[in-house]
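Notes for the structure review
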Amino acid sequence: DTVRLKGSVSDDRKPKTKGLQRKWEVLEGPGLVRFSDSSSPTSEAMFSTPGEYMLRLKGHDGELWTSDLLYVAVLASKTTLVKGWEFNGTLDKEGWTEASVGETGWPDPNHAIFSVAPVKYVTGGYYIVVVKDTAKAKLVSPSKLGISARKGQYLEVSMQNHTSAKQMKLSFIAAPDAGGDAAKSVAFDVIPNDKQVRVYRVDMSKVAGWEGTIDQLRLEPGAGEAITGTMRVDYVRLLERSK
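Below, the structure is looked at part by part. (Residues numbered from 1 in each chain as written. Predicted model: local features only at pLDDT ≥ 70, side-chain atom pairs only at ≥ 80, totals over all residues. Heavy atoms only, no water.)

Topic: the nonpolar core
As a rule of thumb, soluble globular proteins bury nonpolar side chains together. As a reminder of what qualifies: To define a nonpolar core, start from buried Ala, Val, Leu, Ile, Met, Phe, Trp, Tyr and Cys residues and group those joined through side-chain atoms within 4.5 Å. With a 1.4 Å probe rolled over the protein chains alone, any residue whose accessible area is under 20% of its type maximum counts as buried; one over 50% counts as exposed, and the rest are partly exposed. Elements are defined by DSSP. Helices are runs of H or I of four residues or more, strands are runs of E of two residues or more, and each kind is numbered from the N terminus. Two residues qualify as a contact provided that any one of their heavy atoms is within 4.5 Å of a heavy atom in the partner residue.
Counting 35 residues, the largest nonpolar core has W96, M204, L217 and V233 as the members making the most contacts within it. Looking at this core, the elements that each hand over two or more residues are strand 12 (126-134), strand 15 (153-163), strand 16 (167-175), strand 18 (198-203), strand 19 (213-221) and strand 20 (227-241). Here this core takes 5 residues from strand 20, the largest share from any one element. Not counting residues within four places of it along the chain, the set of residues in contact with W96 comprises W85, F87, Y127, L139, V140, S141, P142, L217, L219 and V236. Judged by nonpolar contacts, the second largest core, of 11 residues, contains F35, Y53, L55 and V74.

Encoded structure:
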């Protein structure tokens with residue numbers, strides 16, 4: 001559970017009388033983090049337990065300082081990442097799209113514009129979607145994923161469900177088939193109007209039809225029930241346990 005960090009800090013050498021300081025810090029995480037040299041941008045970091053960690057590299061020239069964040073996911077023993085989407089890039093949905101979220105357009109009487117609601121936005125590690133009174137909302141992954149379905153795989157969705165949904169449905173399409181007959185699905189419980197971020201896990205080896213090559217994934221909040229509210233998805237990961 002050791003990670004080689006690869007940060008960098010540069011300076012304009014002003015003021016000349018003060019040296020440039022570099023420092024790694026731990027902001028969040030379920031365990032302890034030990035740095036081989038916390039003052040080196042290329043330090044090694046050792047993590048005591050699996051989980052999600054947020055590290056910060058800070059540069060200080062004696063007058064001003066700035067920093068950047070690094071998210072590290074430490075997986076459990078004998079667990080590998082098959083496919084994952086972290087949504088860490090601003091405005092980058094990493095190929096995911098949303099549909100039927102209850103959009104309503106209306107002309108603004110005071111301006112020559114056309115407003116559209118609700119919001120679909122990605123920033124700082126969050127994929128944020130506002131759903132408005134719809135039973136058909138869905139988040140759709142990129143197609144042609146080419147995932148080889150195997151026993152021991154499970155899907156993790158880290159999210160804050162601030163909608164009225166009590167269930168979410170996961171659907172998938174196995175290639176090379178296409179169309180509704182090839183779509184398989186499983187529903188799992190979620191906590192409605194939740195103020196916390198939670199990780200929901202689905203054991204795919206127990207889902208009928210999880211075999212062959214998986215072409216696409218689809219998440220349906222509400223599982224067919226009309227819902228309203230905000231969903232914040234932190235990440236979607238397909239993981240695999242080995243014996």
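Considering the sheet that holds strand 2 (residues 21-28)
Quick reminder of the rule: Here a strand pair is declared whenever DSSP counts at least two bridges between the two strands. All axes are obtained by fitting lines to C-alpha atoms, using only the stretch in contact for helices, and the reported angles, taken between N-to-C directions, cover 0 to 180 degrees.
Judged by pairing direction, the sheet is antiparallel, and its 3 strands sit side by side in the order 2-5-6 without closing on themselves. Either end of the sheet is taken by a strand with one partner, and the two such strands are strand 2 and strand 6 (65-74). Taken pair by pair, the neighbouring strands of this sheet meet at an average axis angle of 25°, ignoring direction. Examined bridge by bridge, strand 5 (residues 51-60) and strand 6 share 10 bridges and lie antiparallel to one another. Bridging across to strand 6, E52 finds its partner in A73.

So, the sheet that holds strand 4 (residues 44-47)
On the basis of which strands lie adjacent, the open sheet formed by 3 strands has the order 1-4-3 and antiparallel pairing. Each of the sheet's edge strands pairs with one partner strand only, and the pair in question is strand 1 (2-4) and strand 3 (33-35). With direction set aside, neighbouring strand axes in the sheet form an average angle of 25°. Here 3 bridges tie strand 1 to strand 4, and the two strands are oriented antiparallel to one another. Counted as the bridge partner of V3 is A45 from strand 4.

Topic: the pattern of salt bridges
Put simply, the rule is: Any Lys or Arg side-chain nitrogen located within 4 Å of an Asp or Glu carboxyl oxygen qualifies as a salt bridge.
This model, assessed by the stated rule, comprises 12 salt bridges. Among the ionic pairs, E98 bridges to K93, the shortest N-O distance being 3.1 Å. We classify K93 as partly exposed; its relative accessible area is 25%. Taking the shortest distance from any N to any O, the salt bridge between D234 and R232 comes out at 3.0 Å.

Comments concerning the side chain of E98
To keep things clear, this is the line we draw: Under this definition, polar contacts are N or O atom pairs within 3.5 Å; protein pairs additionally need one hydrogen-donor-capable and one acceptor-capable atom, and for neighbouring residues in sequence, both atoms have to be side-chain atoms.
Along the polypeptide, E98 turns up in strand 8 (residues 97-99). Engagement of the side chain of E98 in a polar contact is seen with the side chain of K93, the distance being 3.1 Å. Here the side chain of E98 touches Y127 through a polar contact of 2.5 Å, side chain to side chain.

Scope: geometric values only; no functional claims are made or implied.
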